[in-house]
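Below, each chain spelled out in residue letters.
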Amino acid sequence: MAMVSIKDVAAHAGVSPGTVSNVLNRPGKVAPATRERVEAAISELGFVRHGSASTLRAGHSRTIGLSVIDIGNPFFTEVAAGVEDVSSELGYAVILGNSAGSQDKEDRNLRVLAEHRVRGVLITPSGEDPARLDRLREHGISVVLVDHPAHRPDQCAVAVDDVGGGRAAVAHLLAQGAASVAYVTGPLTIRQCVERQEGARTAMRAAGLDPAGLRVIESMTMTARAGEKAASDLIASGLPESVFCANDLLALGVLRALLRSGVRVPEDVALIGYDDIDFAAASTVSLSSMRQPTYQLGRIATELLLDECDNPETHAHQHIMFQPELVARESTQ
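Every value quoted in this text rests on a predicted model; they were computed, and no experiment measured them.

This next bit is on the packing of helix H2 (residues 17-25) against helix H3 (residues 32-45). In helix packing, the relevant descriptors are the interaxial angle and the interaxial distance, both defined with respect to the helix axes. Their axes nearest at 10 Å, the elements H2 and H3 cross at an angle of 90 degrees. Accordingly, the angle class assigned to the pair H2 and H3 is roughly perpendicular. Where H2 abuts H3, its residues Thr-19, Val-20, Val-23 and Leu-24 lie against Thr-34, Arg-35, Val-38, Glu-39 and Ile-42. Here the contact of H2 with H3 is built from residues that sort into five nonpolar, two polar and two charged.

Shown next, in the form of structure tokens:
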């Protein structure tokens, strides 16, 4: 596919190439209406500027991009460790981008990665719009999904069965004698949160309980502070017999708030998290959790990406789905 030039953008927007250059490098010098017209042309034509002359000559750089939705979550830190280890072994550097769950921020990060002519991109997408990733592939940039399943045969993906994980977590709570369950989650715009909720309801249905009885507390962030706030809401409205949290940071916040309020865990409320981060086993009451192979996710995704980059004619796209593992500790026993 022919690369779009600054001259192409200028002609499309009805301005000079110099004006396009100013929009790219000195946008404050361009009138807002003109700048909007040029930016619209850039978007419509899929223009990507060159990051450096050396990269331009090679056609790509010895770098890959990693875009995650929450670098503050130790889950993604461990994924990044796997990515970096493989990349370093094979002579690549990694550029990290954090979308914070924002598609706008993710789009900006992907644009920067394209400008730097990265060899490929590993991404945990914040949304379900495949066109955004297709634009990278049109520019010769390979893309592999991390912690997200692929819905097409020409796309590599490495993911974890989040429906199965949610089902196993809540089945464990119910097996310990709980008859009521609350689900503390991050934004339900995030696929993992939705699928873990689906699994929780499946477990309730299998146990003969009404899945509509699952109490859902949705937070806009998935932090320990958000977990504390969710626990306060649960205490105010009447505690359930058990709580399932969509990640361990939320669960640790819930645990802290419950203990501070004199609620015994697990005697009064059983609690389970998700991810099995290092802090889970070290908490005041050790936290039961669903363990994910986080480091392996990063390693295998990177191996798939660089194989696709280096061996495009023989590369076979793979959809790899791991199963999470229940780790039962004091908070449910």
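Moving on from the model shown.
What follows is about the environment of Arg-260. Relative to the elements of secondary structure, Arg-260 occurs in helix H11 (residues 248-260). Assessed through its relative accessible area of 56%, Arg-260 is described here as exposed. A polar contact is formed between the side chain of Arg-260 and the side chain of Glu-228, at a distance of 3.0 Å.

What follows covers the sheet that holds strand S2 (residues 93-98). The parallel open sheet is built from six strands, whose spatial order is S2-S1-S3-S4-S5-S11. Two strands bound the open sheet, and with one partner strand each, they are S2 and strand S11 (319-322). On average, adjacent strands in this sheet sit at an angle of 15 degrees to one another, irrespective of strand direction. Pairing geometry for strand S5 (residues 156-160) and S11, over four bridges, is parallel. Paired with Val-158 across the bridge in S11 is Ile-320. Along the sheet, helix H13 (residues 294-310) contacts strand S1 (63-68), strand S3 (120-123), strand S4 (142-146), S5 and S11; its crossing angle with S4, the most-contacted strand, is approximately 165 degrees.

Helix length check: helix H9 (residues 191-206), at 16 residues, gives a terminal C-alpha distance of 23 Å against a target of 22 Å (1.5 Å per residue), a fit within 8%. Buried residues belonging to H9 abut helix H8 (162-175), strand S6 (181-185), strand S7 (215-218), strand S8 (242-245) and strand S9 (270-275). One or two steps after H9, the chain reaches Gly-208, where phi turns positive at roughly 80 degrees.

Right, let's get into the state of the cysteines. Applying the stated criterion to the full structure yields zero disulfides. With no disulfide of its own, Cys-156 has Cys-309 as its nearest cysteine by sulfur position, at a separation of 10 Å. Relative accessible area serves as the criterion here: at 0%, Cys-156 is assigned to the buried category.

Once that is clear, we can look at the packing of aromatic side chains. If you walk through the whole model with that rule in mind, you get three aromatic pairs. Note on Phe-75 and Phe-76: the rings are 4.9 Å apart at their centroids and 85 degrees apart in plane angle, and the pair reads as edge-to-face. The exposure classification of Phe-75 matches that of Phe-76, with both residues buried. Among the aromatic residues, those joined into a ring-pair cluster are Tyr-183, Phe-244 and Tyr-274. Over the ring of Tyr-92 we find Arg-62; its NZ or CZ atom is 4.0 Å from the centre of that ring.

On to the domain arrangement of the protein. For the protein, the assigned domains read domain 1 (6-49), domain 2 (61-160 + 294-323) and domain 3 (162-292 + 327-332). For domain 2 versus domain 3, the distance between C-alpha centres works out to 29 Å. Domain 2 puts 13 residues into the contact, and the matching count from domain 3 is eleven residues. Summed over both partners, the interface of domain 2 with domain 3 comes to about 1,000 Å²; 50% of that surface belongs to carbon and sulfur atoms. Along the contact surface separating domain 2 from domain 3 lie zero salt bridges. Counting across the domain 2 and domain 3 interface gives four residue pairs in polar contact (both at pLDDT 80 or more).

Conventions we followed
Residues numbered from 1 in each chain as written. Predicted model: local features only at pLDDT ≥ 70, side-chain atom pairs only at ≥ 80, totals over all residues. Heavy atoms only, no water. Axes fitted to C-alpha atoms, helices over the stretch in contact; angles between N-to-C directions. Helix = DSSP H or I, 4+ residues; strand = E, 2+ residues; numbered from the N terminus. Parallel < 35°, antiparallel > 145°, perpendicular 65-115°, else oblique. Contact = heavy atoms within 4.5 Å. Nonpolar A, V, L, I, M, F, W, Y, C, P; charged D, E, K, R; others polar. Buried < 20%, exposed > 50% of the residue type's maximum accessible area, 1.4 Å probe, protein only. Polar contact = N/O pair within 3.5 Å; in protein donor to acceptor, adjacent residues only side chain to side chain. Pairing = 2+ DSSP bridges. Expected span 1.5 Å × (residues − 1). Disulfide = S-S within 2.5 Å. Phe/Tyr/Trp six-rings, centres within 6.5 Å; stacked < 30°, edge-to-face > 60°. Lys NZ or Arg CZ within 6 Å of the ring centre and 35° of its normal. Domains from an automatic or database assignment. Buried area = accessible area lost by both parts, 1.4 Å probe. Salt bridge = Lys/Arg side-chain N within 4 Å of Asp/Glu carboxyl O.

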